[in-house]
Each structure stands twice: as structure tokens, then as C-alpha cells.
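This is what each chain is made of:
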Amino acid sequence: MKTKIETNVLIIGSGPAGYTAAIYAARANLKPHLVSGLEPGGQLTITTDVENYPGFGDVIQGPWLMEQMKEQALKVGTEFHHDIINKVSFDNNPFSAVTDSGLEFSAKSIIIATGAQARWLNIESENKFKGFGVSACATCDGFFFKDQNVIVVGGGNSAVEESLYLTNFASKVTLIHRRDSLRAEKILQERLFNHPKIDVIWNHTVDEFIGSEEPLSLNKIKIKNVKDNNEKIMEATGAFIAIGHDPSTYLFKNKIEMDSENYIITKSDSTETNIKGVFAAGDVKDKIYRQAVTAAGMGCMAALESEKYIAENY
């Protein structure tokens, strides 16, 4: 196995941003290498129905869309590595990166498309019941809660979408939100409020997950009113946390400019970071839109900017 690879473009991460960057970079004959990371395909691989990606009259499946993007990137010449980058250096150009399996890349340019990961409540009992009733992925685990009572925590698009999806399995879904209104798109809110299986509890937070020890399983949730601090126990065997995501930028800490929430900062109307030759695309830099189509657009931008950078500097 070759351990040292020289490349024009190294793409770190997959998903709509990474795959699109790979397609455009390969078509520009840059012979890109893509390291897929922990979740090949990104967040869309845990999303079922996709009805807002342009070009499809019917509802499509997220995993299928990602497979199609990957296949397209492969056909135009992208080299794929099912591996994880665990070390990067931007000190000198060409830049360097090392994978978990020992591959060493020397790259003229790097496109960061590592995306974002689910955010948790960070309460002690949550960790205890992760995988035993507490989940951050309804499409992964919803099937296991057929004819059961479940809750969803959150108030944005993800929380509403997960609530609606869970009605395919659960007998009852309760959405718990710490405020008195949702941030989700209006069309999603209408579907939620009109669904007979879904209830909403406003102005509450989850205080504790409670369950049996042997076998370990969730069966109750303690929630607290944010206005009067009154607590109550409700029965539920499943809890799905949908309160947002954090950018996957730990690898680049103190190596590249980020904002206070650890999103990579890029120049206006550009994917270029504060380091020339390093570009960032998708949810790793986008805290506003967080859509597959905008991530794909930024992947395109990053590849075109990378092509221009290499042409002007090599």
C-alpha cells in the first residue's frame, strides 16, 4: 500500500460539499483525493425523505442521493480513501495531512468539508442511556420504537422533521421545546401541528432520563418548566435529541481562523480561509443555511477557487 501521496487537491470529508468539490476538481483534471471521514456521505446518509433538493419531482432518499454524488465523483476520476485524517499542517505549502491508517498526503491545496455533528444536552443521564433509548438519529433508531411513546427535544427543522418521521413507528410523539414557538419552516410546522400523533410541550427542558438498570433501558423523562421550575415525570421509552449541530473542526483548532462557535471563517463571497490554498465548504463554515444544496454550491466554489489557486501558484 502506498503510504505517501502527492496531490493537487486533498478533500477532507464527504457529504454534498465534499462530493461536489470532488466532481468539479476531477473535471478540472486536478486528480483530487478525498478522505471520507467518520461518516461517509455526511448527514444526508441519516436522512430519509428529501423533497427540497432541486432536480427531482418526487421525494428522494438522502442515502441514495449521496451514493449518486459519490458515484459521479468516482466516474470523473476522484480517488477515494475510506479513512480519517487525524493530523494536518498548514505551516508550509504543499500542505501535509496524515490519516489514521498511516497515509501521508502532500497537497497543493486542501478543501475542508468535514461538516457538523449532532449536539447533545450534556446531562449525566443522557450519556448513560445513549443507545438504550436516547438517540440523535430518528432515521437510524426509529424502527426500534414501534408502537411506543417517544419524545423529541428541539424547535428547529431537524426536531420537526424527526418528529414527523417517528410517527411512522411510534404510537405517540411529544415534541419538547424550551420556548413558546418553533424556529422550523412554516410548512413543517403546519404538518406537525396537524398530525394526530404529535403533541407539543412548550417552555420545558429535559432535566433527567430515567430507566431500568437490567436490562438498561429508558422508560421515563423528567422535564422542567423554564418559567416556574416545576418538574414532572412523563413516560417515554425513546428520546431523540434534535437541538442542532456543532461543526467538525477539532482537527483544525489553532491552525485556521474560526469564530466563537468554531465554524471556519471564510472571505466574503468565497470559500477561501485565512490560509491561501485552504478552502472550507458546507456546514463546517455555514451556520445559517445548513442545506444540502448550499453545501453542494460551496463545494463547487471551493473546487473552482482551488483550481484558480493552483494555476496561479504552480
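Residues numbered from 1 in each chain as written. Predicted model: local features only at pLDDT ≥ 70, side-chain atom pairs only at ≥ 80, totals over all residues. Heavy atoms only, no water.

## Observations concerning the pairing of strand E12 (residues 172-176)
The side chains of a regular strand alternate, residue by residue, between the two faces of the sheet. Most of E12 is tucked away: 4 of the 5 residues are buried. With 5 bridges connecting them, strand E11 (residues 149-153) and E12 associate as parallel partners. The residue of E12 that forms the bridge with Ile151 is Thr174. Read as a crossover between parallel neighbours, the route from E11 over helix H5 (residues 157-166) to E12 is right-handed. Here 4 bridges tie E12 to strand E13 (residues 198-201), and the two strands are oriented parallel to one another. Its bridge partner lying in E13, Val173 is registered against Ile198. With helix H6 (residues 186-193) bridging E12 and the parallel E13, this β-α-β connection has right-handed handedness. (Buried < 20%, exposed > 50% of the residue type's maximum accessible area, 1.4 Å probe, protein only. Helix = DSSP H or I, 4+ residues; strand = E, 2+ residues; numbered from the N terminus. Pairing = 2+ DSSP bridges. Right-handed = clockwise from strand over helix to strand, strands pointing away.)

## With respect to the nonpolar core
Core analysis: the largest hydrophobic core is formed by 31 residues, its most contacted members being Ile11, Tyr53, Leu65 and Ile111. For this core, the secondary-structure elements that each account for two or more residues are strand E1 (4-12), helix H1 (15-27), helix H2 (62-75) and helix H7 (292-313). With 8 residues, H7 is the single largest residue contributor to this core. Apart from the residues within four sequence positions on either side, Tyr53 is in contact with Leu65, Met69, Ala292, Val293 and Ala296. Listed in part, the 23 residues of the second largest apolar core include Leu10, Val88, Phe90 and Ile110. (Core = buried A, V, L, I, M, F, W, Y, C linked by side-chain atoms within 4.5 Å. Contact = heavy atoms within 4.5 Å.)

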